[in-house]
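Report on the structure
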Amino acid sequence: MGKSKFKKFLIIYVAILVAIMLTFLIYVADSLVKYEKNQIDNYIEGVIKDLKKASKNNKIEKYINTSEIKVSKLENSKTSINEGFQELLNSENITYKLNNEKEHIYDVYDDKNLILQLHLDGTETANRLGLLNFTKWKTEKIETKMEKGIYTCNIVVPNNYEVYINENKLTEENITEKVQEEGLAQISKYVEIPYLVKYEVPNLLKEPKVKILDENKNEIEFKWESKTITKQLQVEKIENILQAKEKLSGDIDILKIAKDWNLYLTDDLNGRLHGFYNISKHLIKDSSLYDYAYKWATGVDITFVSSHTLQNPAFTNEKISNFEIYNENAFSCEVYLEKNMRLKSSGRKITDTMNEKMYFAYYDETKDEKNNPTWKLVNMQSVTK
């Protein structure tokens, strides 16, 4: 064989080897790509990525039956379902987890809300390079699981605020809950005070335009947190009793009421029926606290109070603090005092401590034309430090 022929043969041989090597490398690379792509986490993330791309290109209907998506009448008419899915799927809160291993069903969540269900086909398997065994996943169908639509917003505000969603004013129909702590719930039976209401607006497509006006029709600022806006009651907090009284109707001797109640519970209050007719002057007839006081005076428990005498002074370390003014006709404050007693049986000195949050309402119990309201104790809650 001549040199030229050998050289030509060598070139062809090397080219063939290079082609075989390139083919093998391409096959290896393709095998690795397919292997990685068909790892279940990577496959599901790929499906979500395809959904994002489809919604951006207004083609989400290719994957999802959008006829099942409800749309609220409060939604902006210019907003499309594709826009809604684009905002939803680009959220940082998108997660997924296995629902049914046997049937290869996976749930997709936005935060804690189930939004989609992926039904996968895992019947086909593959082997590459004699080493890589994997399932070749396919998507059978994607079901929507949005009982309240793509976007549901919750807004918690005082009941005297106005809320607008996409320029539509919310009404009683949109209120799902009225929120009020126990002490204020008791007060609201007798005087009008603000309370919190929760609006729920389901079946929106994306975060709506929201406007909130306070009781003076001033627009207020707010922040979204997990599709929720919360504005607490504007309660005026005052520490000084003199400043607090300037905000309130009429006059009240808080310490007198607190001491009378404390004396009543140890059967030390003067008056008929263990002092009930004296303590009842501070209460609203037929209220929960009034009923409790009457049962105390007429029940057996009061007879188990240890026999004792009051020391001089009977009360020490008296303190009234932490006023919360709900309006001129309702407030609460914390009362601390120590009652000093001596047991008759042993002569031992004991201290009865009172530390209560007391709720008051300015209320006219007679409901006559004279309209002569007075301050009444309507509820008490123990203060724990």
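Details of the structure are given in the entry above.
Described below are features of the structure shown in this document. Computed from a predicted model, the values in this text were never measured in an experiment.

Scoring rules and cut-offs
- Residues numbered from 1 in each chain as written.
- Predicted model: local features only at pLDDT ≥ 70, side-chain atom pairs only at ≥ 80, totals over all residues.
- Heavy atoms only, no water.
- Salt bridge = Lys/Arg side-chain N within 4 Å of Asp/Glu carboxyl O.
- Buried < 20%, exposed > 50% of the residue type's maximum accessible area, 1.4 Å probe, protein only.
- Helix = DSSP H or I, 4+ residues; strand = E, 2+ residues; numbered from the N terminus.
- Pairing = 2+ DSSP bridges.
- Core = buried A, V, L, I, M, F, W, Y, C linked by side-chain atoms within 4.5 Å.
- Contact = heavy atoms within 4.5 Å.
- Axes fitted to C-alpha atoms, helices over the stretch in contact; angles between N-to-C directions.

1. Section: the pattern of salt bridges
Two side chains carrying opposite charge are able to pair once their charged atoms lie near each other. As enumerated under the stated definition, the model contains 14 salt bridges in all. Two residues, Lys245 and Asp251, come together in a salt bridge whose shortest N-O distance is 3.8 Å. What makes Lys245 partly exposed here is its relative accessible area of 30%. A salt bridge links Glu324 to Lys357, with the nearest nitrogen and oxygen atoms 3.5 Å apart. Taken as a pair, Glu324 in strand β15 (residues 308-327) and Lys357 in strand β17 (residues 349-363) lie far apart in primary sequence, 33 residues in all. Connected through salt bridges with shared partners, the residues Lys141, Glu143 and Lys145 form a single ionic network.

2. Regarding the pairing of strand β11 (residues 196-204)
With 7 bridges joining them, strand β7 (residues 151-158) and β11 adopt antiparallel strand pairing. Bridged to Asn154 within β11 is Glu200. With 4 bridges joining them, strand β10 (residues 175-179) and β11 adopt antiparallel strand pairing. Pairing of Ile175 across the sheet is with Tyr199, part of β11.

3. Here's the deal with the sheet that holds strand β8 (residues 162-165)
Adjacent strands of a sheet pair through backbone hydrogen bonds, lying either parallel or antiparallel. Spatially, the 3 strands line up as an open sheet ordered β9-β8-β12, and their pairing is antiparallel. The sheet is open, and its two borders are formed by β9 (168-169) and β12 (210-213), each paired with just one other strand. Sheet topology places β8 next to β12; 4 bridges connect them, and they run antiparallel. Bridge assignment links Ile165 to a residue of β12, and that residue is Val210.

4. Comments concerning the nonpolar core
Taken as a class, soluble globular proteins show a tendency for nonpolar side chains to be buried jointly. Ile254, Phe323, Phe331, Met358 and Phe360 are the most contacted members of the largest nonpolar core, which totals 36 residues. Every element with two or more residues in this core is listed here: α6 (254-265), α7 (272-279), α8 (288-298), β15, β16 (330-343), β17 and β18 (374-382). The leading source of residues in this core is α6, at 6 residues. Look past the residues within four positions of Phe323 in its chain and what remains in contact with it is Glu236, Lys237, Ile238, Glu239, Asn240, Ile241, Ala244, Ile254, Phe331, Ser332 and Cys333.

5. Some details on the sheet that holds strand β2 (residues 105-110)
If you walk across this open sheet you meet the 4 strands as β1-β2-β3-β6, and the pairing is antiparallel. Strands at the two margins of the open sheet, each flanked by one partner only, are β1 (94-100) and β6 (138-144). For this sheet the average axis-to-axis angle between neighbouring strands, irrespective of direction, equals 25 degrees. Relative to strand β3 (residues 113-121), β2 runs antiparallel, the two sharing 6 bridges. By the bridge assignment, Ile105 is partnered in β3 with His119. Against the sheet, helix α3 (residues 81-89) contacts β1, β2 and β3, and its axis sits at roughly 90 degrees relative to β3.

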